[in-house]
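Here are the chains, one letter per residue:
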Amino acid sequence: MNNRLRVLLVDSDPNDRALAALVLRRELSEFDIEEAGDALVLSARLPRGGYAVVVTEYRLAWGDGLQVLESVKSLDPDCPVVLFASAGNEAVAAEGLRRGLAAYLVKGSAGYLELPAAVRRVVERSAELRASREASASYQRLTEELALGTFTAGTDGRLSRASPAMARILGFEKPDLVVGQNLADFLSDETLQAQVLASMARGREVRDLEAGVRRPGGDLAWVSLTAWPVVDAAAGVIRYEGAVQDISGRRQAERELSERATVLGRSNEELQQFAYVISHDLQEPLQLISRYGRLLANHGATAADEDASRYLAHLLQCTDHMQAMINDVLAYARVDTQAKPFAPVDFVEVVTKAMANLKAAVDESGGQVGWERLPVLPADEAQMVQLFQNLIGNALKFRRGRPQVRIFAVEEAKRCTFAVADNGIGIPQEHIERIFGMFQRLHTAAEYPGTGIGLAICKRIVERHGGRIWAVSEPGQGSTFCFTIPRNLAQAGWIGAPEPGV
């Protein structure tokens, strides 16, 4: 296969053409020199294409060199054309250069000597331009595949060029919709906007800046922004070139990894709690059951009826206590294992159902429970009923005099804070954090019955919904239990929360 470069020499004057061909063949031995002396030969050769350069005279017997230029460019826009013309055609040469002529030489002794070098320069420059275009095309393909957008901006941040990938990352269909806007205006954080504008105004590089971008549809994308100054020796920084990479996927993966680590840490804490419960709290009734069982075994035959009855009563009491603790541990575990998908929940209905479950306790205590306007939020309704039932139930149980319970909610942009306030016995400040642990009691079972796991279940329910729970209290002054619920699932921040629409 012949890989030699080809030159087409077009000239209707046979003597000039022969001399030019002789000079070219002598100096450019690596080229194949083809000749076209009339329109018929030219029309046969041009469509074949593949020429490294076309050299033509302006004045031809059948036309002129500018027509040859147009014909060549129509067939092969990348093929360079050299006008090697007789003197007096300088004005025509200027028009040719405007139309894409690669070079112009005047025929003469000096021109013939210069022709081979001119052809070589034109061919080398054409190869460099072709390689540059190919590299640019490869870079463009690479940036598209990597979701990497490129741009040009002034020192004031205003965009003068944007690639299609840049437009897509910013949420626009066409680059024209981006050009003319200020780069900083796309950033969602005002502090970062000011930082970028200040850096560009001072001619400083912006490197690997991670920022949120608010798209026209309202959704938030995360990008990595880099912009570097282009410096002119005389004028200083004249513009900025830069790139923007969409890192939303990476940020999402990092967020999920962090959330999973949080969930794992919470699970480890819960495992430690369960280990403590098994080794301490559940051991106590087991030891008592074992003790009274041995007493019956050792003295059953000789023990008085009164003693035997007492042993059996204690044994049954311990068994009931043990069963209650096991049931509460299972209820604690079911907060996750038997959870239901989140859906819009009317909290007025939630409190109404909780109050129906507590009717006997309300009647027995003579308490009054009131609530103000409550919101509708995404949640697990059954767990919300259990949450309010536990909190209201505690307010009715730990009372002094007639219980007064007030429920209200404060709505904010991202969350809603609920409060359950009572006029009960209150909690010492040093025990505020402790009360949310499993089986953490501040009073004996004789004073206030129960296992002491209700608030631990409340805490687990609230955390499953992406919120937090706390208490404000003083002994003798009542208590207020507060908890938050995010207004939408995306703000819940909990890896196990169902997706919107589930």
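The structure reproduced in this document is the subject of the present report. Think of each chain on its own: its residues are numbered from 1, step by step along the sequence as written. The model is predicted, so local features are restricted to residues of pLDDT at least 70 and side-chain atom pairs to those at 80 or more, both for listing and for counting; the totals for chains, interfaces and linings are taken over all residues. To get the side-chain values, all heavy atoms of the structure are used, and hydrogens and water are removed first.

Side note on the overall build of the chain
Right, on to step 1. Within the chain, the secondary structure is distributed over 14 helices and 17 strands.
Right, on to step 2. Each residue is assigned to one of three classes by its accessible area relative to the maximum for its type, calculated with a 1.4 Å probe on protein chains only: buried under 20%, partly exposed between the two thresholds, exposed over 50%. Every one of the 502 residues in the chain was classed for burial, and the buried ones make up 40%.
Right, on to step 3. Counted over contacts in the chain with a minimum sequence separation of 6, partners at least 24 positions apart contribute 62%.
Right, on to step 4. Carbon and sulfur atoms provide 53% of the accessible area of the chain, an area that totals close to 26,800 Å². Every helix listed is a DSSP run of H or I at least four residues long, and every strand listed is a run of E at least two residues long, numbered separately from the N terminus. Any two residues having at least one pair of non-hydrogen atoms within 4.5 Å are treated as being in contact. Per-residue and other accessible areas were derived by the Shrake-Rupley procedure at a 1.4 Å probe size, with only the shown protein chains allowed to occlude residues.

Considerations on the pairing of strand β10 (residues 236-246)
Right, on to step 1. The rule for pairing is simple: two strands pair if DSSP sees at least two bridges between them. By the bridge criterion, six bridges tie strand β6 (residues 148-153) to β10 in an arrangement that is antiparallel. Residue pairing across strands places T150 opposite A243, the latter belonging to β10.
Right, on to step 2. The loop that links strand β9 (residues 220-232) with its antiparallel partner β10 comprises three residues.

Re the sheet that holds strand β2 (residues 31-36)
Right, on to step 1. On the basis of which strands lie adjacent, the open sheet formed by five strands has the order β2-β1-β3-β4-β5 and parallel pairing. Only two strands of the sheet have a single neighbouring strand rather than two, namely β2 and β5 (103-106). Neighbour to neighbour, the strand axes of the sheet diverge by 20° on average, direction disregarded.
Right, on to step 2. Of the strand pairs in this sheet, strand β1 (residues 5-10) and strand β3 (residues 53-56) are connected by four bridges, and their pairing is parallel. Each residue of the ladder has a partner; that of L9, found in β3, is V55.
Right, on to step 3. Fitting a line to C-alpha atoms yields each axis, with helices limited to the stretch in contact; the angle taken between N-to-C directions then spans 0 to 180 degrees. Helix-sheet contacts for helix α1 (residues 14-27) involve β1, β2 and β4 (81-85), and the interaxial angle to β2 is about 175°.
Right, on to step 4. Where helix α3 (residues 65-75) meets the sheet, it contacts β1, β3 and β4, and its direction lies at approximately 165° from that of β3.

A look at the side chain of E241
Right, on to step 1. Position of E241 among the secondary structure elements: in strand β10.
Right, on to step 2. A polar contact is formed between the side chain of E241 and the side chain of R161, at a distance of 3.5 Å.
Right, on to step 3. With residues up to four places along the chain from it excluded, the contact list for E241 reads F151, T152, R161, T226, A227, W228 and V230. In protein, a polar contact means a hydrogen-donor-capable atom and an acceptor-capable atom, both N or O and within 3.5 Å, with residues adjacent in sequence counting only if both atoms are side-chain atoms; elsewhere, any N or O pair within 3.5 Å suffices.

Considerations on the packing of aromatic side chains
Right, on to step 1. In this analysis, rings of Phe, Tyr and Trp, with Trp reduced to its six-membered ring, are considered paired at centre separations within 6.5 Å, and the interplanar angle assigns stacked below 30 degrees, edge-to-face beyond 60, and tilted for intermediate values. Scanning all chains against the criterion turns up eight aromatic pairs.
Right, on to step 2. Between F418 and F483, the aromatic rings sit 5.1 Å apart at their centres with planes inclined by 15°, giving stacked as the arrangement. Here F418, found in strand β15 (residues 415-422), pairs with F483, found in strand β17 (residues 479-486); they are 65 residues apart in sequence, far enough to count as distant.
Right, on to step 3. Given a relative accessible area of 0%, F483 falls into the buried group.
Right, on to step 4. Chaining the aromatic ring pairs together yields one cluster made of F347, F388, F418 and F483.

Here we look at the sheet that holds β6
Right, on to step 1. Strand order across the open sheet formed by five strands is β7-β6-β10-β9-β8, with antiparallel pairing between neighbours. On the outer flanks of this sheet lie β7 (159-162) and β8 (206-214), each paired with one strand and no other. The sheet shows a mean angle of 30° between the axes of neighbouring strands, direction not considered.
Right, on to step 2. Along the sheet, helix α7 (residues 190-201) makes contact with β6, β8, β9 and β10, crossing β8 at roughly 140°.

Observations regarding the environment of A21
Right, on to step 1. The topology assignment puts A21 in helix α1.
Right, on to step 2. The exposure class assigned to A21 is buried, which follows from its relative accessible area of 1%.
Right, on to step 3. A C-alpha to C-alpha distance of 9.8 Å links A21 and P116, two positions 95 residues apart in sequence.
Right, on to step 4. Setting aside its immediate chain neighbours within four residues, A21 contacts L9, I33 and E35.

Things to note about the packing of helix α13 (residues 381-397) against helix α14 (residues 454-464)
Right, on to step 1. At a closest axis distance of 9 Å, the pairing of α13 and α14 adopts a crossing angle of 145°. Read as a crossing pair, α13 and α14 show a hand that is left-handed. Here Q383, M384, Q386, L387, N390, L391 and N394 of α13 come into contact with α14, specifically with G454, L455, I457, C458, I461, V462 and R464.
Right, on to step 2. Class assignment of the residues belonging to the contact of α13 with α14 gives a composition of eight nonpolar, five polar and one charged. Here is the rule for handedness: rotate from the far helix to the near one, and if that takes an anticlockwise turn smaller than a right angle the crossing is left-handed, while a clockwise turn gives right-handed. In this count, Pro and Cys sit with the nonpolar residues alongside Ala, Val, Leu, Ile, Met, Phe, Trp and Tyr, while Asp, Glu, Lys and Arg are called charged and the others, Gly among them, polar.

What to know about the side chain of S224
Right, on to step 1. One can find S224 in strand β9.
Right, on to step 2. Exposure remark for S224: the relative accessible area of 13% places this residue in the buried category.
Right, on to step 3. For S224, the residues in contact, after removing those within four places along its chain, are D208, L209, E210, A243, V244, Q245 and I247.

Notes on the nonpolar core
Right, on to step 1. Among buried residues, those of type Ala, Val, Leu, Ile, Met, Phe, Trp, Tyr and Cys that are joined through side-chain atoms within 4.5 Å constitute a nonpolar core. Counting 42 residues, the largest nonpolar core has F347, F388, F418 and F483 as its most contacted members.
Right, on to step 2. Listing elements by their share of this core, those giving two or more residues are α11 (347-357), β13 (376-379), α13, β14 (404-411), β15, α14, β16 (469-473) and β17.
Right, on to step 3. When residues of this core are assigned to their parent elements, the largest contribution, eight residues, is made by α13.
Right, on to step 4. Residues F172, L183, L209 and L225 belong to the second largest nonpolar core, which totals 25 residues.

Concerning the environment of G49
Right, on to step 1. Tracing the chain through its elements places G49 in the loop between α2 (39-45) and β3.
Right, on to step 2. Put simply, G49 and L8 are 41 residues apart on the chain and 10.0 Å apart in space, counted from C-alpha to C-alpha.

Brief notes about the packing of α3 against helix α4 (residues 90-99)
Right, on to step 1. Relative orientation of the contacting elements α3 and α4 amounts to 10°, with a least axis distance of 10 Å. The orientation of α3 relative to α4 falls into the category roughly parallel. Seen from α3, the contacting residues are L66, L69 and E70; seen from α4, they are V92, E95, G96 and R99.
Right, on to step 2. Classifying every residue of the contact of α3 with α4 by side-chain character gives three nonpolar, one polar and three charged. For classification, angles of less than 35 degrees are called roughly parallel, those exceeding 145 degrees roughly antiparallel, those between 65 and 115 degrees roughly perpendicular, and all remaining angles oblique.

Considering α14
Right, on to step 1. The buried fraction of α14 is high, at eight of eleven residues.
Right, on to step 2. Within α14, burial applies to L455, A456, I457, C458, R460, I461, V462 and R464.

Some points on the pattern of salt bridges
Right, on to step 1. Whenever a carboxyl oxygen of Asp or Glu lies within 4 Å of a side-chain nitrogen of Lys or Arg, that contact is scored as a salt bridge. The tally for this structure, following the rule as stated, stands at 27 salt bridges.
Right, on to step 2. A salt bridge links R207 to E205; the shortest N-O distance between them is 2.8 Å.
Right, on to step 3. Between K359 and D363 there is a salt bridge, and its shortest N-O distance comes to 2.9 Å. Within this pair, K359 and its partner D363 are both found in helix α12 (residues 359-365), separated by four residues, close to a single helical turn. The exposure classification of K359 matches that of D363, with both residues exposed.
Right, on to step 4. Connected through salt bridges with shared partners, the residues D11, D16, E57 and K107 form a single ionic network.

The values are spatial; any link to function lies outside them.
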